Amino acid sequence: MPLKFETDDSKKCYETLRADLANIVQETEYDELYGHKLTPDAQFYNEGVVDNLIYKFCKANQFELEGSKSQLVKTLKWRKEFRPLHAAFSETHDSMLNDVCAITVDEKNDANQKVISWNLYGLLVKHKEVFEDTDKFLRFRIGLMERGLQLLDFESEDNHLMTQVHDYDNVSMWKLDPGIKKCSKAIIEVFQDFYPETLFSKFFVNVPYIMSWLYEIVKRFVSEDTRKKFIVLSDGKQMKEYLKFPPKEYGGQATLESSKLKKVTPNAYVAHLLTLEDEKTTV
Ligand code: HEM
């Protein structure tokens, strides 16, 4: 995707950060972002992808150099520590969470609505125990995010962002459950800090009018820029006004169950990193 700059200063911010990348990788001792190698080699490196990833950090920081660099450094340090690729591809998660969350890919959908993550959290109303251990939930949710990112094409204009759906069918709460609050807050922060410019839009569907108070609370944790990407719908079927090919439950033809990806295969670099990790732990 051709990188667009409105001012010379914006371009300068990007070029400076891009030129500093090898140093940043050396300082953080971490050479991976969203499954892609950041510094050149003969096997895994894709320059165009890396250009676009660095651009995202600049854009999210309004092309202000210090902020962009600081966010990138923090992201790489966090990835080194948290091991999100491990969470995505090498860990076993709660089967209940695996059942209610899924990823679909449909090339026929419009730009940046091709890869969608579905979070049917409403089905967990009677299983609040899955939110008791924040770290466990975080590793699951970040794992899902990383699997979705593997399906994006950061060089393209029409598939470099993800769409996400939260379905709150059956939810009726008079106060915010502390476990849910802790998990939501933790994930919102991680997404905001370490996944800049990865979201196209986020739908909250089957939200009954009486639950609007919860939206008012949760959205306070979220930045203004992210909030602009939110769409709240009282009926899931309304999704067909926004999405060309939604699942049957949301106004389309094929059921969500039949559209779910059974498995996401990691790219060659991710597979390589995971093998190295395995070797380290078995030595
Ligand atoms: C975010 C769970 C009810 C609005 C989240 C997140 C979780 C979650 C885990 C973290 C972000 C993510 O996973 O993508 C739940 C559960 C609910 C519930 C279990 C009840 C059973 C609601 C309701 C609303 C709401 C009724 C009203 C629309 C939001 C908003 C975010 C959020 C605005 C921020 C999303 C973001 O920044 O990406 N919720 N939620 N939630 N939820 Fe809920």
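Once a new chain begins, its residue numbering starts again from 1 and follows that chain's sequence as written. Residue-level local features of this predicted model are given only where pLDDT is at least 70; pairs of side-chain atoms are given and counted only at 80 or more, and the full residue set underlies all totals for whole chains, interfaces and linings. No hydrogens and no water enter the side-chain calculation; it runs on all heavy atoms of the structure.

Engineer: Sorry if this is basic, but what is going on with the nonpolar core here?
Structural biologist: Considering soluble globular proteins, one finds that nonpolar side chains tend to be buried as a cluster. Side-chain atoms within 4.5 Å link the members of a nonpolar core, which is a set of buried Ala, Val, Leu, Ile, Met, Phe, Trp, Tyr and Cys residues. For each residue, the accessible area found with a 1.4 Å probe, counting protein chains only, is set against the maximum for its type, and the residue is called buried under 20%, exposed over 50%, and partly exposed in between. Ranked by internal contacts, the top residues of the largest apolar core, which has 72 residues, are Leu-72, Tyr-195 and Met-239. Considering every element that reaches this core, the biggest residue donor is helix α7 (residues 178–194), with 8 residues. Split by domain, the residues of this core number at least three in each of domain 1 (8–82) and domain 2 (94–259). The helix count covers DSSP runs of H or I at least four residues long, the strand count covers runs of E at least two residues long, and both are numbered beginning at the N terminus. The domain boundaries here were taken from an automatic or database domain assignment.

Engineer: Quick question: what am I supposed to make of the coordination of the iron atom of the ligand here?
Structural biologist: Where a metal carries four tetrahedral donors, each ideal angle is 109.5 degrees; where it carries six octahedral donors, the ideal angles are 90 or 180 degrees. With water excluded from the atoms, a metal site may look incomplete; its donors are any N, O or S atoms within 2.8 Å, or within 3.2 Å for Na, K and Ca. The sole protein-derived ligand of the iron atom of the ligand is Tyr-168 (OH), positioned 2.1 Å away. Looking at where Tyr-168 falls in the secondary structure, it is placed in the loop between β3 (162–167) and α7.

Engineer: Help me understand the site of the ligand in this model?
Structural biologist: Consider each residue's heavy atoms; a residue with any of them within 4 Å of a molecule or strand counts as near. Taken together, 23 residues lie near the ligand, and Tyr-121, Arg-141, His-166, Tyr-168 and Lys-202 sit nearest. Counted as a polar contact is a pair of N or O atoms within 3.5 Å, where, for protein atoms, one must be capable of donating a hydrogen and the other of accepting one, and residues adjacent in sequence contribute only when both atoms are in side chains. One of the side-chain N or O atoms of Tyr-168 is found 2.9 Å from a nitrogen atom in the ligand. Take Lys-202: an N or O atom from its side chain is 2.5 Å from an oxygen atom of the ligand. Those elements giving two or more residues to the shell around the ligand turn out to be α6 (134–150), α7, β4 (199–205) and α8 (212–218). With 5 residues, α7 is the largest single contributor of residues to the shell around the ligand. Class assignment of the residues belonging to the shell around the ligand gives a composition of 19 nonpolar, 2 polar and 2 charged. For this scheme, ten residues count as nonpolar: Ala, Val, Leu, Ile, Met, Phe, Trp, Tyr, Cys and Pro. Four count as charged, namely Asp, Glu, Lys and Arg, and the remainder, Gly too, count as polar.

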